[in-house]
Amino acid sequence: MLPDETLDTARTLLALLEARGLTLATAESCTGGLIAAALTAIPGSSAVVTRGYVTYSNDAKAAMLGIPMGVIEGYGAVSESVARRMAEGALRASGADIAVSCTGIAGPGGATPGKPVGLVHMGAARRDGRTTLLRRVFPGDRTAVRAATVAAVLELARGLAE
């Protein structure tokens, strides 16, 4: 389960989005749906959350979000370029006003040279053309990395909604 602080952030984000008449979609890889779960744990979230894409595989990123396989193969699935395209692809596919994304290496395996366990690229895109990207290397085990990613993505979305 996610920490109370993360659920409080989700509650605050949902209230902000609803007050501004904005909708939200998620595109997740390393969190496997935890961002959408945090948001939909809050009663009334259906007024804001339109849909969530769990695109764990590269094929899913291409098929569901329209990311060219050449981009995924060229930059790697865990990259700023893919995080940007995930958020922008979810925005297009969902019709939401804002979409968030994350792609990373939650561990314990999967690290490669230059891409350690805990590396996560996150994005938030808004229909007005603004996109915000964030790169972090979170400490801890798989559970800690995924929980930290959820919290960071919610904050990223809040910044774009304000």
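Look up: the structure comes first, before these words.
What counts and what doesn't
- Residues numbered from 1 in each chain as written.
- Predicted model: local features only at pLDDT ≥ 70, side-chain atom pairs only at ≥ 80, totals over all residues.
- Heavy atoms only, no water.
- Pairing = 2+ DSSP bridges.
- Helix = DSSP H or I, 4+ residues; strand = E, 2+ residues; numbered from the N terminus.
- Axes fitted to C-alpha atoms, helices over the stretch in contact; angles between N-to-C directions.
- Buried < 20%, exposed > 50% of the residue type's maximum accessible area, 1.4 Å probe, protein only.
- Core = buried A, V, L, I, M, F, W, Y, C linked by side-chain atoms within 4.5 Å.
- Contact = heavy atoms within 4.5 Å.
- Parallel < 35°, antiparallel > 145°, perpendicular 65-115°, else oblique.
- Nonpolar A, V, L, I, M, F, W, Y, C, P; charged D, E, K, R; others polar.
- Polar contact = N/O pair within 3.5 Å; in protein donor to acceptor, adjacent residues only side chain to side chain.
- Expected span 1.5 Å × (residues − 1).

Here's the deal with the sheet that holds strand β3 (residues 98-104)
- The sheet built from five strands is open, its strands ordered β2-β1-β3-β4-β5 with mixed pairing. Every other strand in the sheet has two partners, leaving β2 (49-54) and β5 (131-137) as the edge strands with one partner each. Along the sheet, successive strands turn relative to each other by an average axial angle of 10°, direction set aside.
- Relative to β5, strand β4 (residues 119-126) runs antiparallel, the two sharing seven bridges. Paired with His-121 across the bridge in β5 is Arg-135.

What about the pairing of β3?
- β3 sits mainly inside the fold: seven of its seven residues count as buried.
- Burial along β3 is two-sided: the residues Ile-98, Val-100, Cys-102 and Gly-104 and Ala-99, Ser-101 and Thr-103 are all buried.
- Taken together, the five bridges between strand β1 (residues 24-28) and β3 define a ladder with parallel strand orientation. Each bridged residue has a counterpart across the sheet, and for Glu-28 the counterpart in β3 is Cys-102.
- Pairing of β3 with β4 involves seven bridges; the strand directions are antiparallel. Bridge pairing in β4 places Thr-103 opposite His-121.

Concerning the nonpolar core
- The biggest cluster of nonpolar side chains holds 34 residues, and the ones touching the most others in it are Leu-17, Leu-24, Ile-35, Leu-39, Met-122 and Leu-154.
- Elements with a contribution of two residues or more to this core: α1 (4-20), α2 (34-40), β3, β4 and α6 (142-161).
- Counting residues per element, this core draws most heavily on α6, which supplies nine residues.
- Other than its neighbours up to four places away in sequence, Ile-35 contacts Thr-26, Glu-28, Val-100, Cys-102, Val-150, Val-153 and Leu-154.
- Formed by 16 residues, the second largest nonpolar core is a distinct cluster that contains Ala-27, Ile-67, Ala-77 and Val-82.

Focus on the pairing of β4
- With eight of eight residues buried, β4 lies mostly within the body of the structure.
- Because side chains alternate across β4, one face comprises the buried residues Leu-119, His-121, Gly-123 and Ala-125, and the other comprises Val-120, Met-122, Ala-124 and Arg-126, equally buried.

Brief notes about the packing of helix α3 (residues 58-65) against helix α5 (residues 80-94)
- At their nearest, the axes of α3 and α5 sit 9 Å apart, and the two run at 40° to each other. Accordingly, the angle class assigned to the pair α3 and α5 is oblique. For the pair formed by α3 and α5, the contact residues are Lys-61, Met-64 and Leu-65 on the first element and Val-82, Arg-85, Met-86, Gly-89, Ala-90, Arg-92 and Ala-93 on the second.
- Residue classes in the contact of α3 with α5 are distributed as six nonpolar, one polar and three charged.

A closer look at the side chain of Ser-94
- Here Ser-94 is to be found in helix α5.
- A polar atom in the side chain of Ser-94 sits 3.0 Å from the backbone nitrogen of Ala-96.
- For Ser-94, the residues in contact, after removing those within four places along its chain, are Ala-25, Thr-50, Arg-51 and Tyr-53.

Concerning α6
- Given a rise of 1.5 Å per residue, 20 residues ought to cover 28 Å, and the 29 Å separating the end C-alpha atoms of α6 matches this to within 8%.
- Along α6, the residues classified as buried are Val-145, Thr-149, Val-150, Ala-152, Val-153, Leu-154, Leu-156, Ala-157, Leu-160 and Ala-161.
- Looking at the packing, one finds that the buried side of α6 touches α1, α2, β3, β4 and β5.

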